[in-house]
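# Fold and geometry: a report
Okay, here's what each chain looks like letter by letter:
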Amino acid sequence: MAALSAFKAIGRGLLGAAIGLAIGWGLALLLGAAIPADDATIRKPQVIIAVGYLFALIGWLLGVGLWSGWAREWLRLPTMELTETDWRRYFRFSLDHKVIGLQYLVTFVVLMLLAGVLALVVRVELATPGEDILGADGFNTVMGLHGIMMIAVAVATITGGLANYLVPLMIGAEDVAFPRVNALSYWIVPPVAILLILTPFFGGFDTGWTAYPPLSVVNANGQLLFLLAFLTFGLSSIFGGLNFTTTILKLRAPGMTLMRMPIFVWSVLGASLIAVTATQFVAFGLLMVILDRVVGTSFFDASKGGDPLLYEHIFWFYSHPAVYVMILPGFGIELEVISHFSRKPLFGYKYVVGSILAIVFLSMIVWAHHLFTSGMQDFLLIPFMATTEVISIPTGVIFLAALATMWRGRLRLTTAMLFAIGVVFNFLIGGVTGIFLADVPTDIHLQENYFTVAHFHYTIMGGEIFMIMAGLYYWFPKITGRMFSETLGKLHFVTMFVFFQLTFLPMFWVGMQGMNRRVADYNVEFGDLNQIISIMSYLLGASFIFMVINMVRAWFGGERAVGNPWGARTLEWQTTSPPPVENFDAPPEVTGDPYGYGTPEAPAHSSPATGTVGN
Amino acid sequence: MSRDGVVVGLIWLILTVAGEALAWNVEFFPSAAADQAIIIDESFAMLVRLAIPVMAFVIAMLVYSALRFRHRGDPLEDGPPTQANKKVMGAWFGVTTALTVLMIINPGITGLNELWELADEPVDMVIEIEGSRFFWRAGYSEYGFSTFSGNPTDELVLPIGAHVRFDITSVDVLHSFWIPAFRMKIDAVPGMTTVVHVRATELGDYRDDINFRVQCAELCGVLHGQMTMPVRVVTQLEFEAWVTTKQ
Ligand SMILES: [Cu+2]
Ligand SMILES: [Cu+2]
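If you're wondering where the values come from, they're calculated on a predicted model, not measured in any experiment.

## A short note on the pairing of strand 8 (residues 194-199) of chain B
Residues and elements named next belong to chain B.
- Judged by how many residues are buried, strand 8 sits mostly within the fold: five of six residues are covered.
- Both strand 5 (residues 163-170) and strand 8 contribute to a ladder of six bridges, which runs antiparallel. Each residue of the ladder has a partner; that of His-163, found in strand 8, is Arg-199.

## Comments concerning the confidence of the model for chain A
- Taken as a whole, chain A shows an average pLDDT of 92; of its residues, 98% reach a score of 70 or greater.
- A low-confidence stretch, residues 609-615 of chain A (pLDDT under 50), is modelled with 26 contacts involving residues beyond four sequence positions or located in other chains.

## Structural notes on the packing of helix 13 (residues 381-390) of chain A against helix 3 (residues 86-120) of chain B
- The contact between helix 13 of chain A and helix 3 of chain B brings their axes to 10 Å, and the two run at 155°. With respect to helix 3 of chain B, the axis of helix 13 of chain A lies roughly antiparallel. Helix 3 of chain B is crossed by helix 13 of chain A, and the crossing has right-handed handedness. Residues Leu381(A), Ile382(A), Met385(A), Ala386(A), Glu389(A) and Val390(A) of helix 13 of chain A lie in contact with helix 3 of chain B, whose contacting residues are Thr100(B), Met103(B), Ile104(B), Gly108(B), Ile109(B), Leu112(B) and Trp116(B).
- Per-class residue counts for the contact of helix 13 of chain A with helix 3 of chain B are 10 nonpolar, two polar and one charged.

## Notes on the domain arrangement of chain B
Residues and elements named next belong to chain B.
- Domain annotation of chain B identifies domain 1 (3-68 + 89-119) and domain 2 (125-246).
- A straight line from the C-alpha centre of domain 1 to that of domain 2 covers 34 Å.
- Residue-level contacts link 13 residues of domain 1 with 14 residues of domain 2.
- Taking both partners together, domain 1 and domain 2 bury about 1200 Å²; carbon and sulfur atoms supply 55% of that area.
- A per-residue breakdown of the area domain 1 buries against domain 2 is headed by Ala-33, Gln-36 and Ala-119, which together make up 40% of the total.
- Between Asp-41 and Arg-183 there is a salt bridge, and its shortest N-O distance comes to 2.8 Å.
- Where domain 1 packs against domain 2, one counts nine residue pairs in polar contact (both at pLDDT 80 or more).

## Remarks on the environment of Pro190(B)
- Of note, Pro190(B) is situated in the loop between strand 7 (184-188) and strand 8.
- Distance in space between the C-alpha atoms of Pro190(B) and Arg213(B) is 22 Å, their sequence separation being 23 residues.

## Quick word on the domain arrangement of chain A
Residue and element names in this part refer to chain A.
- Looking at the assigned domains, one finds that chain A contains domain 1 (8-93) and domain 2 (94-572 + 584-611).
- On a C-alpha basis, the centroid separation for the pair domain 1 and domain 2 is 30 Å.
- Taken residue by residue, the interface counts 23 residues in domain 1 and 25 residues in domain 2.
- Surface buried jointly by domain 1 and domain 2 totals about 2100 Å² across both partners, of which 69% is contributed by carbon and sulfur atoms.
- Of all residues in domain 1, the largest losses of buried area upon contact with domain 2 belong to Gln-46, Tyr-53 and Phe-93, amounting jointly to 29% of the total for that side.
- At the junction of domain 1 and domain 2, the tally comes to one salt bridge.
- At the surface where domain 1 touches domain 2, the tally comes to 11 residue pairs in polar contact (both at pLDDT 80 or more).
- At 13 residues, helix 3 (residues 37-69) tops the list of elements feeding residues into the side of domain 1 that touches domain 2.
- Split into classes, the residues belonging to the side of domain 1 that touches domain 2 amount to 16 nonpolar, three polar and four charged.

Rules used throughout
- Residues numbered from 1 in each chain as written.
- Chains lettered and ligands numbered in written order.
- Predicted model: local features only at pLDDT ≥ 70, side-chain atom pairs only at ≥ 80, totals over all residues.
- Heavy atoms only, no water.
- Buried < 20%, exposed > 50% of the residue type's maximum accessible area, 1.4 Å probe, protein only.
- Helix = DSSP H or I, 4+ residues; strand = E, 2+ residues; numbered from the N terminus.
- Pairing = 2+ DSSP bridges.
- pLDDT = per-residue confidence, 0-100.
- Contact = heavy atoms within 4.5 Å.
- Axes fitted to C-alpha atoms, helices over the stretch in contact; angles between N-to-C directions.
- Parallel < 35°, antiparallel > 145°, perpendicular 65-115°, else oblique.
- Left-handed = near helix turned anticlockwise from the far one by under 90°.
- Nonpolar A, V, L, I, M, F, W, Y, C, P; charged D, E, K, R; others polar.
- Domains from an automatic or database assignment.
- Buried area = accessible area lost by both parts, 1.4 Å probe.
- Salt bridge = Lys/Arg side-chain N within 4 Å of Asp/Glu carboxyl O.
- Polar contact = N/O pair within 3.5 Å; in protein donor to acceptor, adjacent residues only side chain to side chain.

This is the structure:
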């Protein structure tokens, strides 16, 4: 029965969701009576979905732990503390940042593999011209689901997973500032996944992840599910950003000045600042589309005074900065790994910090580069081209830091280090091709064709996903307390790196030759290259088998990891693997530089002493 | 200058020369069939020429470091405690800033201005384009007819050398009017008229070159991929003959 009791919370959550759905449904029927008759057939089901979901979401959250672990306090009732210390706590409303971090990590790695399978389905469809297995409608839904799921993976695997687990450890804190908000931000994610999985049963959605109106206002009800899912996920991201900003600014151990923080912590701070300032915009844009659909407003209906371009501005005002919510913490991981495995100080630490903050600012004033061919006013073209290209200056500093840190180092080419080196190459291609899309004349042709697809896969997959891999391999021993096989890890790197290039490099070419994106069917002239791309993508997908085997095997039977297997100086390595519930046996004190390699007389980063293998 | 530095410098030089030589000899795009296409292709080539030395530098540094500084001995042996110095940071900052400003000015602003100048030249002909799910209508209102991609034989035909302005709109959702052979693209937005200017410089026919096609480039729903219309560029005489068959 012990096993069953683990799922009690989830069971209560589902019960709450069912009750909420019933209440919402009833309420929607009452509200639905107010809809004018000519609109009713289209709008009534949408009112039921929207109101039903809202109440089901509240019911789910209350049931899963918000009531017993939090809301009771508002009524001056005692809250029920979680007492389990075994595996069952991972299925509960736990407040421990390490449990939540692992919940995030497992959820989003699984989601990444699922979204990867969807990508392979897309490539099967595209292997030959003509419609093969999906049909045009199914294709759009599968492609859109792949897109939004990977966006979620790219946003949350680091900021929700790795950062949650590691930031408190790295700054010497016992937990995050708001543990309950932290738990809430995770438990709000399962409804997002369920909504997305249900979209095909409601007619799918054919707008891709960008959901541009007017199409997103007039298409099947699957779109509404998508919009609600995206909106909910945005909420989770805002909670996360709030939590990390406060945690990093307020909970640092004594002696951990801002300029002694590991660069990963800085990068999470940068990403959090973006998440709390920009996410509201996309949330509002999505809400306006939902209102157009459900309530019958006309924010985006030109025939009733609305403006379709408005959505594009609002959407990208968030969604460009969102790229940096993904990439900044990735840069942090990359530089962290490169410094520790080159055993050299991070080159230009304070310039990197400055660059991160510069990117946070610049990311907010470049959004209209997605609108160069949208029909917006001509005078906006040059300013947005200029701001976009100026981002390459701070990004260049991060490149310099990576290269100069490796220069004359004692490079240990571990799996994590190989992934970090791979990132430099992939992001170089992604960054340079980004210039072609930021420069207006070339963008006019390349926008919305396969060149664009190749570019953002080089940044998000070649950059971000490779960075996630570097982080997963680097911190795996800390999180699981087990060592993985370096041989399998390196096999994963080599196969993933090679087949990644072979999949995405040809996409630049088909795009330049005139193939556009988001199509199930294309001219036979592009057939040969697409077939090669598809075959390479299957092999790229297969490379993840090495990762799955390696990590599952290590987790359940790997050699025990010592506290500091890599001999790194930063705080998270100065405790056991995995760390105790309160993170450190004694509250740590920070006395020096996290990257003081090569200076024997330099004070340790923290006491107790740092930089040795063992413990 | 250290030996390592000299070697990386040499690798950089070789990669740059090889890359530039390659770039000169590669045709990046299908045939450019309009003045606008020539400007855009030239902008692309300019960016490639600027990008090659930058990419060569990063790749040279990365590959050399990974091979030369690989360390197999004591895993806890530290490297030298090098810190960033003002000289290196200043040089890097100076070079990247100069490159960025250069890119913004040329090809960015320069190319855009060239496109705008072409648009300001006297217009010879206006074609009204209307996107609807999942068809294009091309209105030749000065001749009193229109063609529609829903009819299997209908085409978008324009005379070579004429400055054509397309006035583009949509009746339902967003579409995007893109003719790859001309490189030009603009969204079709309901409630709004957007424009594209083209002066075709090459004769061409969809049946010989698929880049002579209007391709919808903004996801508009289920048949988005099939939302195309054949394009033909013909001589003035052929154009007039075609017009009379349509009237
Ligand atoms: Cu952007
Ligand atoms: Cu379309």
